[in-house]
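# Descriptive structure summary
Single-letter residue listing:
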Amino acid sequence: MMPLIQLTSVKGSYGTISDGERSGSISSNLGMAQSREQLTMDNTKDNNSMFKRPRGCYLSQAKAFGLVLLAVGAVVAAVLLTYHWTTCEDGGPLSQKSGGGKGLAKADKLYVRLPTNVKPLYYKVDLIPYVEEAKNFTIDGKVWIDIECLQATHKVTIHIKNITVVEESVKIYEVDEAELSPSVTEAVESVSPKKHEYDVPREFYNMTLPKSLEAGKVYRIYIQFRALLADSLGGFYRSSYKDMAANVTRYLGTTQFQATDARKAFPCFDEPQLKARFEISLARRVNMSSISNMNLNRTEPVEGMEGWLWDHYNISVPMSTYLVAFVVSDFENRVANRSLSKPEFRVWARKEAIEQAEYARDIGPRILTFYETYFDIEFPLPKQDMIALPDFGAGAMENWGLITYRETAMLYDPKVSSDLSKLRVATVIAHELAHMWYGNLVTMAWWSDLWLNEGFASYVEYIGVNHVHPDWKILEQFVADEMQYVFSLDALDSSHPIYIPVGHPEEISEIFDGISYAKGASIIRMMNHFLTEDTFRTGLASYLKKWKFNNTVQDDLWESLTEAAHHQTSLDPAITVKEIMDTWTLQKGFPVVHVERNYDANEPTATFTQTKFQLIKNETLTQGEYSTYKWWIPISYASINFNANFNRTKPSFWIKASDKAVTKPIDTNKQDWIIVNVQETGFYRVNYDLKNWGLLINQLRSNASVIHPINRGQLMDDALNLARASLLPYDLAFNVTQYLKNEEEYLPWESFFNAFHFISTMMSKSSSYGTFKKYMRDLVHKEYTRLGYEQNESDSLLQRLHRTNVVSWACKVDHKGCLESTTTLFSEWMNSSSPNTENPIPTNLKKVTYCTAIKMGGEKEWNFLWQRYLDGNVGSEKSTILTSLSCSRETWILNRYLTWSITENSGIRKQDTSIVLRSMAATSVGNYLTFNFVRDKWAKLKEFLGDGLSSLGPIVKSIAARLNTRFELNEMQQLRDRYQGELGAATRAVDQGIETATIQIQWMEENYPTIASWLEKAIQVGGESTTTGNSEL
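In this text, all values refer to a predicted model and were calculated from it rather than measured experimentally.

### A short note on the overall build of the protein chain
- Counting secondary structure elements, the protein chain contains 31 helices and 32 strands.
- The buried share of the protein chain, taken over its 1033 residues, is 64%.
- For the protein chain, the exposed area adds up to about 36,300 Å²; of that, 49% sits on carbon and sulfur atoms.

### Considering the pattern of salt bridges
- For the structure shown, the criterion picks out 49 salt bridges.
- With a closest N to O distance of 3.1 Å, Glu-358 and Arg-334 form a salt bridge. Residue Glu-358 is located in helix H4 (residues 358-375), and its partner Arg-334 is located in strand S18 (residues 332-335); the two are separated by 24 residues in the primary sequence.
- Overall, the relative accessible area of 26% leaves Glu-358 in the partly exposed class.

### A few points about unusual backbone geometry
- Cis geometry marks the peptide bond from Gln-258 to Ala-259, where omega comes out at 5 degrees.
- Along the chain, Ala-259 turns up in the loop between strand S12 (248-256) and strand S13 (277-285).
- For Glu-203, which is not glycine, the phi torsion reads 60 degrees and is therefore positive.
- Looking at the secondary structure, you find Glu-203 in the loop between strand S8 (195-199) and strand S9 (204-213).
- For Thr-569, which is not glycine, the phi torsion reads 55 degrees and is therefore positive.
- Its place among the elements puts Thr-569 in the loop between helix H12 (554-567) and helix H13 (577-585).

### Describing the packing of aromatic side chains
- Evaluated as defined, the whole model comprises 68 aromatic pairs.
- When the centroid spacing of 6.4 Å and the interplanar angle of 65 degrees are considered together, the rings of Phe-266 and Phe-278 count as edge-to-face. Remark: Phe-278 occurs in strand S13 and Phe-266 occurs in the loop between S12 and S13; sequence separation between them is 12 residues.
- Residue class for Phe-266 comes out buried when judged on its relative accessible area of 0%.
- Over the aromatic face of Phe-758 sits the side chain of Arg-724, whose NZ or CZ is 3.5 Å from the ring centroid.
- Over the ring of Tyr-869 we find Lys-878, and its NZ or CZ is 4.0 Å from the ring centre.

### Description of the packing of H4 against helix H11 (residues 533-547)
- For the pair H4 and H11, the least separation of the axes is 9 Å and the interaxial angle reads 95 degrees. Comparing their axes, H11 and H4 come out roughly perpendicular. Facing H4, whose interface residues are Thr-373, Tyr-374 and Phe-375, H11 presents Glu-533, Phe-536, Arg-537, Ala-541 and Leu-544.

### Concerning the pairing of strand S26 (residues 605-612)
- Of the pairings in the sheet, the one linking strand S25 (residues 591-598) to S26 comprises 8 bridges and is antiparallel in character. Bridge pairing in S26 places Pro-591 opposite Lys-612.
- The antiparallel pairing of S25 with S26 creates a hairpin that spans 6 residues between the two strands.
- Two strands pair when backbone bridges link them, and S26 and strand S30 (residues 662-665) are joined in this way by 4 bridges, in the antiparallel orientation. Residue pairing in the sheet places Thr-607 in a bridge with Thr-663 of S30.

### Let's talk about the state of the cysteines
- Counting across every chain of the model gives 2 disulfides.
- Two residues share a disulfide in this structure: Cys-851 and Cys-887, whose sulfurs sit 2.0 Å from each other. Between Cys-851 and Cys-887, the S-S dihedral sits near -105 degrees, and the bridge is therefore left-handed. Note that Cys-851 is positioned in helix H22 (residues 846-856) and Cys-887 in the loop between helix H24 (875-884) and helix H25 (891-901), a separation of 36 residues in sequence. The pair formed by Cys-851 and Cys-887 is uniform in burial state, with each residue classed as buried.

### Some remarks on the pairing of strand S2 (residues 118-129)
- When you tally the buried positions in S2, you get 12 out of 12 residues, the bulk of the element.
- With 6 bridges connecting them, S2 and S13 associate as parallel partners. Bridging across to S13, Asp-126 finds its partner in Ser-281.

### With respect to the sheet that holds S26
- The sheet built from 4 strands is open, its strands ordered S30-S26-S25-S32 with mixed pairing. Each of the sheet's edge strands pairs with one partner strand only, and the pair in question is S30 and strand S32 (685-688). Taking the axes of each pair of neighbouring strands and ignoring which way they run, one obtains an average angle of 25 degrees across the sheet.
- Packing of helix H16 (residues 709-724) onto the sheet brings it into contact with S25 and S32, and relative to S32 it is tilted by some 75 degrees.

### Notes on the nonpolar core
- Membership of the largest hydrophobic core comes to 322 residues, with the highest contact counts inside it found for Phe-266, Trp-437 and Met-776.
- The element that contributes the greatest number of residues to this core is helix H31 (residues 987-1022), accounting for 14 residues.
- In this structure Trp-437 touches Leu-368, Tyr-371, Glu-372, Phe-375, Ile-377, Glu-378, Phe-379, Val-442 and Leu-544, once residues within four positions along its chain are discounted.

### As for the packing of helix H10 (residues 514-531) against H13
- As a packed pair, H10 and H13 sit with axes 11 Å apart at the nearest point and diverge in direction by 155 degrees. One finds that H10 runs roughly antiparallel with respect to H13. The interaxial crossing formed by H10 with H13 has right-handed handedness. Two secondary-structure elements touch here, H10 through Lys-519, Ile-523, Met-526, Met-527, Phe-530 and Leu-531 and H13 through Val-577, Ile-580, Met-581, Trp-584 and Thr-585.
- Taken together, the residues of the contact of H10 with H13 break down into 9 nonpolar, 1 polar and 1 charged.

### As for the sheet that holds strand S19 (residues 344-349)
- Taken in spatial order, the 5 strands line up as S18-S19-S20-S22-S21 in an open sheet, and their pairing is mixed. Pairing within the sheet leaves two strands with one partner each, and these edge strands are S18 and strand S21 (396-397).
- Alignment of S19 against strand S20 (residues 383-389), held across 5 bridges, turns out to be parallel. Bridged to Glu-344 within S20 is Lys-383.

### Focus: the environment of Tyr-405
- Relative to the helices and strands, Tyr-405 resides in strand S22 (residues 402-406).
- For Tyr-405, a relative accessible area of 0% corresponds to the buried category.
- Through-space distance from the C-alpha of Tyr-405 to that of Leu-389 is 5.9 Å; in sequence the pair is 16 residues apart.
- Aside from chain neighbours lying at most four places away, what touches Tyr-405 is Met-386, Ile-387, Ala-388, Leu-389, Phe-392, Gly-395, Ala-396, Met-410, Val-428, Ile-429 and Glu-432.

Conventions adopted
Residues numbered from 1 in each chain as written. Predicted model: local features only at pLDDT ≥ 70, side-chain atom pairs only at ≥ 80, totals over all residues. Heavy atoms only, no water. Helix = DSSP H or I, 4+ residues; strand = E, 2+ residues; numbered from the N terminus. Buried < 20%, exposed > 50% of the residue type's maximum accessible area, 1.4 Å probe, protein only. Areas by Shrake-Rupley, 256 points an atom, 1.4 Å probe, with all protein chains shown as cover. Salt bridge = Lys/Arg side-chain N within 4 Å of Asp/Glu carboxyl O. Phe/Tyr/Trp six-rings, centres within 6.5 Å; stacked < 30°, edge-to-face > 60°. Lys NZ or Arg CZ within 6 Å of the ring centre and 35° of its normal. Axes fitted to C-alpha atoms, helices over the stretch in contact; angles between N-to-C directions. Parallel < 35°, antiparallel > 145°, perpendicular 65-115°, else oblique. Contact = heavy atoms within 4.5 Å. Pairing = 2+ DSSP bridges. Disulfide = S-S within 2.5 Å. Core = buried A, V, L, I, M, F, W, Y, C linked by side-chain atoms within 4.5 Å. Left-handed = near helix turned anticlockwise from the far one by under 90°. Nonpolar A, V, L, I, M, F, W, Y, C, P; charged D, E, K, R; others polar.

Okay, structure coming up:
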């Protein structure tokens, strides 16, 4: 899955078993995934003669759905949190064991894993979704589940949430294994549970049977149920859009099951390691269509329901419940060129937006076909659909055979959308298609290994996009977009290891973050370089083939990569990938490598040491826990004499976790520099002795092109963040950046802008902010003049992105030419007779132009842009407008905007509430207004967002990013204390927000005077090249 926050952080400026089947049963997989109590219900060997195979007397599906479903009694309202599921027949409590096992929640958290006495083999799901107000958006459903009994039990537990079970319908009967995939109906010879129990906190439905199920046999469970097609953005939910031509609202039903929401759509065993085959049937009105994971088998009328049809889909390959998907809509589709991929490839969207799917239709099948070659495994399904949804909480979801997207993540209009939007569409599509192998074909055994899904997809997406757009140089962009971005998060004490034991759904939601995605991708990229591309791909192909249609833990991947590395002699036979990579996945944070050169020796040497990088020195942690943090670090380097083209990224040597220091000869002259971590392939920062820093500064000033662009960006990012962590004097770090006046490449500037954004934010409320803006105007002026404001279509993608960055910063610091250009163009647009179709603003500069005009304007400008949002049909444009409307400095307008963001039918979709709040929290004026709004409207936010409450995490982080006074820190702590029991999936984000504010307070106290003084001197020496406007964002 591609989370929304990941999308908005792209560019920084902000997922027949045959020969490959795993031996052993699911229970053996569980044993590898975690060590825990086997929560089996009982071990009795009662005679099972009461369970007989069906003998041919059935109720038809249509008649079954024709029955009036009875309302069941009230669900148990609350269950004591101290209640624990039992292995005992009488349901008595079992004390929960803590620690030791993968996938365990903390000891004081509710244990929510299913018992392991049965496993699912096959589901038949029949759903009639009433996608219409007249039927109150309800769902009638039936499910048949074939289960294998692994241990004798008379209790069966499955997941349900927000589902009403028709208890009198529930039946269970024995079947032959050979009968797993015929058309299934209700059996006459069956039994009903003698007891129904609902464990609401665990989201369990417990069926107690009159007699025990017998180990080794297969049984079929039949359940009728009813649910709501709510607008919650999770489970099977409803979406809507405005049909502009007919001026009516159209509805559709769609799904989002990751991580634990399949249980909202139908009763199921909703854990990733419990894979099964699925046979889906969807009822729909004749004027609508449906799609699901598999291709359509047949369509037939719904008996007794005129104007309705059943769409019956073929049985799926084995897959996890979170990957099941279906959509019922009136959307249109386009089929991709059949020569581009073996499976049929279709794109779906609203009729008024289907033209915007052309880019996705072109690159989607080409990337899919490329992945088949790259992974050396064919795509196992007969078709692949991609659909753009009006309402979607995440960015996209990798449902097997049916990928669902937010419109901004799949649709692109070249006349309206920016290059950044096109890049986003390409990377998200490549990310989700990578999941077809990493996540779908081979799935993590439990969510603790989420990074195996998301880290791989986040890395491979760059390889996929590079295949279709090699001129974009996207592999070079990885460092700024992923690695340098996540460094700031992983430097916090409140960060977490890539592998982290989780249990409760709220804990699972918390780890869909930058650590699982961007850090996971970064260490995979590091592996690629230290193993070499050939070894890496060989190991990955072996891993995928060995575990296809099954579940794994990270050790399974390490084993396959080690075998390939030893076979190809790309890794010392005494070393395993596990030994190296466990240091990167089982502990949080990352190292800084200290390089101390010996300039006096006859043969140049350097001594390398490592410590955990900390933004603020915490002596208790440094001397305690962090003193044991050591990594296996691959060391590559370049100098004038050695690796001068920066192409050799395979390590010259390693710093082992056991090494206190490593001294090595280096191939360079005493008077020349060295750079460690070539093309920044290793996940670590580098600090040098002051003389080597001086040599690097001189090289940058005299001829920066000698150093690779990625490493020039590395020097910007490392220097400024080492200074932020008090490991380097700030005046030296600023001296590193001063050569930028002569820099014309995108990547060094991008790294600088991202790192310098922190200083800008910290100083924005200080008396020296005017001086800071003067310095920045002088720094960017030459490049702004060279690039100009107007787009040049002959420029490369990186040049166009570079222009966007430079213009954005120029306007941000009140560059006169920039302010004049933006306001003039916006006024021209406002005066247009057809503003919805005639926009003179360059597509790549819309965001900065809109924001600057709103910032410097008033109610008239704001209302004009708001109307363009309401009239808009392009998702990326609407998203840009939503963000830009937060730039106003009128507090009453901003407060009204905040209120609209959680008001039904205001025009702002529920999925976009977080966009409004995060973008406003990122401005000087809006930050505190947003903070107050979140605190005062907490109950309303919870009610409005519902299951989307996890989106509060990024909002809190945006708020905390600007807090740097003790008063503000105290208020953030009060927020946590006040809502301690209600934070849910936002808990970690709030803790990180408090830590961020604490770090920023200390930074201000220790560094603000030095920086203010340096900037003042720099302005006096350098003067200023431009005059200014009078604004502040």
